[in-house]
Every structure is written in structure tokens, then in C-alpha cells.
Amino acid sequence: MNDDKTIVCRCEDIDIETIRKLIDQGVTSLEEIKRITRCGMGPCQGKTCGPVIAREIAMKTGQPMEEILSPRSRPPFGGVLFQEVLEGIDDEE
Amino acid sequence: MKNKASVVIVGGGITGTSTAFSLAKRGVKDIVLIEREGLASGATGRCGAGIRQQWGTFQNCLLARESMKVFENFQEVLGTDIDIELKQKGYLLLAYSEKEMDQFRRNVEVQHQLDIPSRLVSCREAKEIVPFLNTEKMLGGAFCPTDGHANPFLATKAYAKAAERLGVEILMKTEVKAITVVNDRIKGVHTSQGFIETDKVVNAAGGWSAQIGEMAGLHLPVYSERHEILVTEPVNPIMDPMVMSFSYNIYCQQTPHGSFIMGYGPQNEPRGYNVNATWQFLETMARKAAWLLPPLKNMRIVRQWAGLYNMSPDRQPIVCESEIVKGFFMGIGFSGHGFMIAPAVGTLLADLITGSPLTWDVVLDLGRYDRHETIAEPSVV
């Protein structure tokens, strides 16, 4: 199995090689990697890929994981259908 | 870090990086760009990512058209291999009153003076462009097939990389703490990394441009306002253009990535720097979007966020050198349309900074407010 092709971000199909290349280019924060690759912007909101990428950054830079991993979870925190939002609105009008 | 620079640019968004690139391309050396967080971490990276040429004033049409030319030839102009995911499938603007239709008619005439290929459309034609569009209450609209979308993160990154290749020093995670002004002239910039001596500063700080102005002793007539936005999971391409209405108050587009991005202009939003997302937005947005574009009902929303519009008195950009503090340049107050005209704004700022005549005959100076020459742009969200 080719290790480099291991998928890190299942929402956006991003492999570890892409992440490592960016880290080598000096892109060493989760926020920046997210903006360039969309890792963490998908339905899981980085819950899966975040720690994996943080570990890669830590291995390359020696920075502690706690400093790298500053998860910014965006609402609604899990995918929600428009329909479900609409059903939840109390129609008082 | 350099302790001396010919120009210090404050802000690593699309305006700052585009200005850095334009300046460096003209041979200006020793440019430093300072960014408090990361590239595109402010309004640029939070915007709706649309590129519209359908404006109501000649000047805005011109800036938008010239910028679109750059977006269309981005890799060549910048010498980059970064693909900014440009999509030119148009902007469809919807009219809900005769008055709005008349405005579009006048706008299209202005756009045609600049060869922008826009046209008025009937409800039936609108439905040919977006088959599932709910045309209830709609009178018609306007459509420009060359309007579209680009990825703001990648465009900013490409500008930054191109600027660096031409010698620009970009300092991230660096904050401007103070600006030294002596006898109404810029003398230097104090940053969290140290002092940089310079006689030229460019304020491209977006949502925080008023603070940068204060540091130079200037009260700039801009303020920031939260605008919210959300995105769905990616689905197969089903909608070509950005669908937008000023009166129904919505914009919604499907990006090349497949996700739908949408937002609307808030009512009674207080001035400030709050960028939290709200459930009120989620509900109102869902209601608006599901009514206008019914297939959205079965799509999944994955994220909502917010960014700051930097508002000016006439909702139009301020691009000029201060008349009070020499060497203080600004590209501010974009009022929600900074991304789409950033290539042209970078050129204009490079004109001003190098003392060259403006590439295009436009009036975007701060003095226009004193002269009571505000720009009356009818088509803003």
C-alpha cells in the first residue's frame, strides 16, 4: 500500500502526500491548510482530519499538538437539511 | 525581518496581496506586507466569492470588467500555476418590481458601453438558465454570462506567492502596533516583530482599517458590520449562475467544488467586530433559499460563518493617498465587494504609490465626501 496516498480528509478526498507537501512549503497551521485544501470544511468539520494533520505538523515542526490543534467548529456542528431547519421554525405569523 | 522598507502594506487579504504584486511588478523594491493572522483570514476568506460585472455606475463596471480580465488570465498575468477555480457561468439578477426592472435596464445600457455582455431576461428565460428557479412574483431579471466565481483563498495565495517571487517580504502572525507620523509624514511602522522605517504605508486592513487609520491619527469614515453566510455539502452541478436579488435580499451560487454558498444582507446589524454565527441567520436563510430554489430543501448545510463588511458612507471603495498624512495610502471601505475588484484596485494603488497617472479615469478618493460627490451605485446588496 502506498502510504502517501492514504486519505486524511474523507470529506474532501485529500491524501497525506498533499498535506506533507504543504507542510514542507512552510504551511504549518491547520487554518492555512484548511483554506488551501478544504480539509476540515466538509461535513465532519475537521473532527476526523484535524488531529491527523496536527500530528503531521507536530512531527515536522516539533510544535506541541495542543498548540497546533485549535479546533474551530462551525455551526451547525453536523450536517442539517434545509428542510429540517424549516420544520423547526415555529410559524407564529 | 527588514528594518527598512520602501512600502509597508498592512493586510494579507486580496487587496494587500494584489497591491504587493502590482507594486513589485513595477520594479518597486523592499516591500513588506504585514498580516496579523494568515493570508485571507479576514473578509477575503469569508466572502461569497462572486465576481460581478453588472454594476450601475460606469466606474464600477469598468473596475469589475478590468478585474475580470485579470481573473480570466490569472496564471499568465501572475506567472503562477495555481488554479483559482474560475467559473464563468454568469450572475442572474432577479427583479420584483417595475422600478427594479427599470434600474436593470439602465444598468445594462451602462454595461454595454464597456462591452459587458449583459442582457435583460424574462421569467421564462430566467427559468431556462436556472430551471428550478421559483419565478413567483418575479417580473424578470438581468443576466451576464461572463460573471462568476473564483476561489478567494487560492487567488490570495497566488498573489502572495507571485509577490514573494518578485522580492516582497510577507510577515504572517505579525501585528501592527503603532504608526509613526512626524510633520504629517509617515516615518515608520511598529510591529509585534519590531520597527520598520518607511515613508509609505498602505492600509489594506479590511474590517480593521479604521484602527489602522487611528494609528496614523486619521478618522477614516468606515466601520465594520457582520455579514453571515453558509455552505452546503457538495452535490453534482445543477446551478450555473450566481442567483441574486437586491429586493428579495439573497445571493446564492454553486461553486465548482459543488457546494452552494449563500447569504443575505442583515437588517439592523450593529457596527462592530462580532463574527459569530447565529441561528436567526440559519432560519431566515433556509426560508429564503428554499422558497426561491426549492431543490435546496433536501441539501445538507455543513457550515455557517460570518465576516466583516468594511462599510463606507456611499458603500463604495476608498482608494487614495491621505491628504492629511503624506505617504498614508488606503484601499478600504469595499462594503462587501472587495474581492471581485481587487486586481484593479491593486493596479490603482500601485499607480498612486509610484506617482503614476491612474490607469483608469476613476474617482475613489476620500475627498469626494467633502466635495459631496458620493458615488450613487444603485446595485449593492
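Residues numbered from 1 in each chain as written. Chains lettered and ligands numbered in written order. Predicted model: local features only at pLDDT ≥ 70, side-chain atom pairs only at ≥ 80, totals over all residues. Heavy atoms only, no water.

Colleague: Hey, could you run me through the pattern of salt bridges in this one?
Modeller: When charged atoms on two side chains of opposite charge get close, those side chains can pair. One pass over the full model with this rule turns up 25 salt bridges over all chains. Taking the shortest distance from any N to any O, the salt bridge between Glu-17 of chain A and Lys-21 of chain A comes out at 3.8 Å. Placement of both Glu-17 of chain A and Lys-21 of chain A in helix α1 (residues 16-24) is noted, with a separation of four residues, approximately one turn of the helix. In this structure, Glu-85 of chain B and Arg-38 of chain A form a salt bridge, with 3.1 Å as the shortest nitrogen-oxygen distance. Placement of Glu-85 of chain B in the loop between α3 (74-78) and β4 (91-95) and of Arg-38 of chain A in the loop between α2 (30-37) and α3 (49-61) is noted, with the two residues assigned to different chains. Residues joined by salt bridges that share partners form a network here, namely Asp-4, Arg-20, Arg-55 and Glu-56 of chain A. (Salt bridge = Lys/Arg side-chain N within 4 Å of Asp/Glu carboxyl O. Helix = DSSP H or I, 4+ residues; strand = E, 2+ residues; numbered from the N terminus.)

Colleague: Looking at this structure, how should I read the pairing of strand β2 (residues 31-34) of chain B?
Modeller: Along any regular strand, the residues point their side chains to alternate faces of the sheet. Residue and element names in this part refer to chain B. Residues Ile-31 and Leu-33 point to one face of β2 and Val-32 and Ile-34 to the other, with burial holding for every one of them. Bridging between strand β1 (residues 7-10) and β2 involves four bridges; their strand directions are parallel. From the neighbouring strand, Val-8 faces β2, where its bridge partner is Val-32. Relative to strand β8 (residues 169-171), β2 runs parallel, the two sharing three bridges. Residue pairing for β8: Ile-34 is matched across the bridge by Leu-171. (Buried < 20%, exposed > 50% of the residue type's maximum accessible area, 1.4 Å probe, protein only. Pairing = 2+ DSSP bridges.)

Colleague: Mind showing me how you'd approach the nonpolar core here?
Modeller: In globular proteins that are soluble, nonpolar side chains generally tend to be buried together. If you look at the biggest cluster of nonpolar residues, it comprises 72 residues, and the most contacted ones within it are Ile-9, Leu-23, Leu-63 and Phe-74 of chain B. Here this core spans two domains, since at least three of its residues come from each of domain 1 (7-47 + 153-222 + 314-370) and domain 2 (88-145 + 223-311) of chain B. If we ignore the near neighbours within four places in the chain, the residues touching Phe-74 of chain B are Gly-79, Thr-80, Ile-84, Ala-155, Ala-158 and Tyr-159 of chain B. Counting residues in hydrophobic clusters, the runner-up holds 33 residues, among them Val-80 of chain A together with Ala-126, Leu-293 and Leu-296 of chain B. (Core = buried A, V, L, I, M, F, W, Y, C linked by side-chain atoms within 4.5 Å. Domains from an automatic or database assignment. Contact = heavy atoms within 4.5 Å.)

Colleague: Looking at this structure, how should I read the sheet that holds strand β19 (residues 328-332) of chain B?
Modeller: Adjacent strands of a sheet pair through backbone hydrogen bonds, lying either parallel or antiparallel. All names here are of chain B. Pairing within the open sheet is mixed, and its six strands lie in the order β8-β2-β1-β12-β19-β18. Of all the strands in the sheet, the pair left with one neighbour each is β8 and β18 (318-321). Across this sheet, the average inter-strand angle for adjacent strands is 15°, counted without regard to direction. Here β1 pairs with strand β12 (residues 201-203) via three bridges, running parallel. Residue pairing in the sheet places Ile-9 in a bridge with Val-202 of β12. Helix α1 (residues 14-25) contacts β1, β2, β12 and β19 of the sheet and is inclined by roughly 175° relative to β2. Strand contacts of helix α9 (residues 342-353): β1, β12, β18 and β19, with the helix running at about 15° to β18, the strand carrying the most contacts. (Axes fitted to C-alpha atoms, helices over the stretch in contact; angles between N-to-C directions.)

Colleague: Help me understand the packing of helix α2 (residues 58-72) of chain B against α9 of chain B, please; the structure alone is not making it clear to me.
Modeller: In helix packing, the relevant descriptors are the interaxial angle and the interaxial distance, both defined with respect to the helix axes. Residues and elements named next belong to chain B. Close contact between α2 and α9 brings their axes to 7 Å; oriented N to C, the two are set at 105°. Judged on the interaxial angle alone, α9 and α2 are roughly perpendicular. Where α2 approaches α9, its residues Leu-63, Ser-67, Val-70 and Phe-71 are matched on the opposing element by Ala-342, Pro-343, Ala-344 and Leu-348. A class-by-class count of the residues in the contact of α2 with α9 yields seven nonpolar, one polar and no charged. (Parallel < 35°, antiparallel > 145°, perpendicular 65-115°, else oblique. Nonpolar A, V, L, I, M, F, W, Y, C, P; charged D, E, K, R; others polar.)

Colleague: Help me out: how do you make sense of the sheet that holds strand β10 (residues 185-191) of chain B in this one?
Modeller: Residues and elements named next belong to chain B. Taken together, the three strands give an open sheet; going across it, the order is β9-β10-β11, and neighbouring strands pair in antiparallel fashion. Every other strand in the sheet has two partners, leaving β9 (176-182) and β11 (194-197) as the edge strands with one partner each. Taking the axes of each pair of neighbouring strands and ignoring which way they run, one obtains an average angle of 25° across the sheet. Relative to β11, β10 runs antiparallel, the two sharing four bridges. Paired with Thr-191 across the two strands is Gly-194, which belongs to β11.

Colleague: What exactly am I supposed to notice about the interface of chain A and chain B here?
Modeller: Many authors give the size of an interface as the accessible area that is lost as the parts come together. In this assembly, 27 residues from chain A lie in contact with 33 residues from chain B. Summed over the shared surface of chain A and chain B, the number is six residue pairs in polar contact (both at pLDDT 80 or more). A breakdown of the residues in the side of chain A that touches chain B according to their chemical character gives 12 nonpolar, six polar and nine charged. As paired elements, strand β3 (residues 80-81) of chain A and strand β17 (residues 300-311) of chain B share two bridges and run antiparallel to each other. In the strand pairing of β17 of chain B, Leu-81 of chain A is matched with Arg-300 of chain B. (Polar contact = N/O pair within 3.5 Å; in protein donor to acceptor, adjacent residues only side chain to side chain.)

Colleague: What should I look at first to understand the domain arrangement of chain B in this one?
Modeller: All names here are of chain B. With domains assigned, chain B is organised as domain 1 (7-47 + 153-222 + 314-370) and domain 2 (88-145 + 223-311). Taking only C-alpha atoms, the centre of domain 1 and the centre of domain 2 are 29 Å apart. The interface is formed by 17 residues belonging to domain 1 together with 13 residues belonging to domain 2. Here domain 1 packs against domain 2, burying approximately 1,200 Å² in sum over the two surfaces, 51% of which is carbon and sulfur. (Buried area = accessible area lost by both parts, 1.4 Å probe.)

Colleague: What's the story with the packing of aromatic side chains in this structure? I'm lost.
Modeller: When we look at a pair of aromatic rings, we describe it by the centre distance and by the angle of the planes. All names here are of chain B. By the definition in use, this model includes nine aromatic pairs over all chains. Look at Trp-208 and Tyr-273: their rings are 6.3 Å apart centre to centre, the planes differ by 20°, and that puts the pair in the stacked class. Taken together, the residues Trp-208 in the loop between β12 and α7 (209-215) and Tyr-273 in the loop between β16 (260-263) and α8 (279-292) connect sequence positions 65 residues apart. Relative accessible area serves as the criterion here: at 28%, Trp-208 is assigned to the partly exposed category. On the basis of relative accessible area, Tyr-273 is assigned to the partly exposed category, the value being 39%. Taken together, Phe-21, Phe-71, Phe-74, Tyr-159 and Phe-339 form an aromatic cluster joined through their ring pairs. One residue, Arg-52, lies across the ring of Trp-55, its end atom 3.8 Å from the ring centre. Positioned above the aromatic ring of Tyr-248, the side-chain terminus of Lys-288 is 4.8 Å from the ring centre. (Phe/Tyr/Trp six-rings, centres within 6.5 Å; stacked < 30°, edge-to-face > 60°. Lys NZ or Arg CZ within 6 Å of the ring centre and 35° of its normal.)

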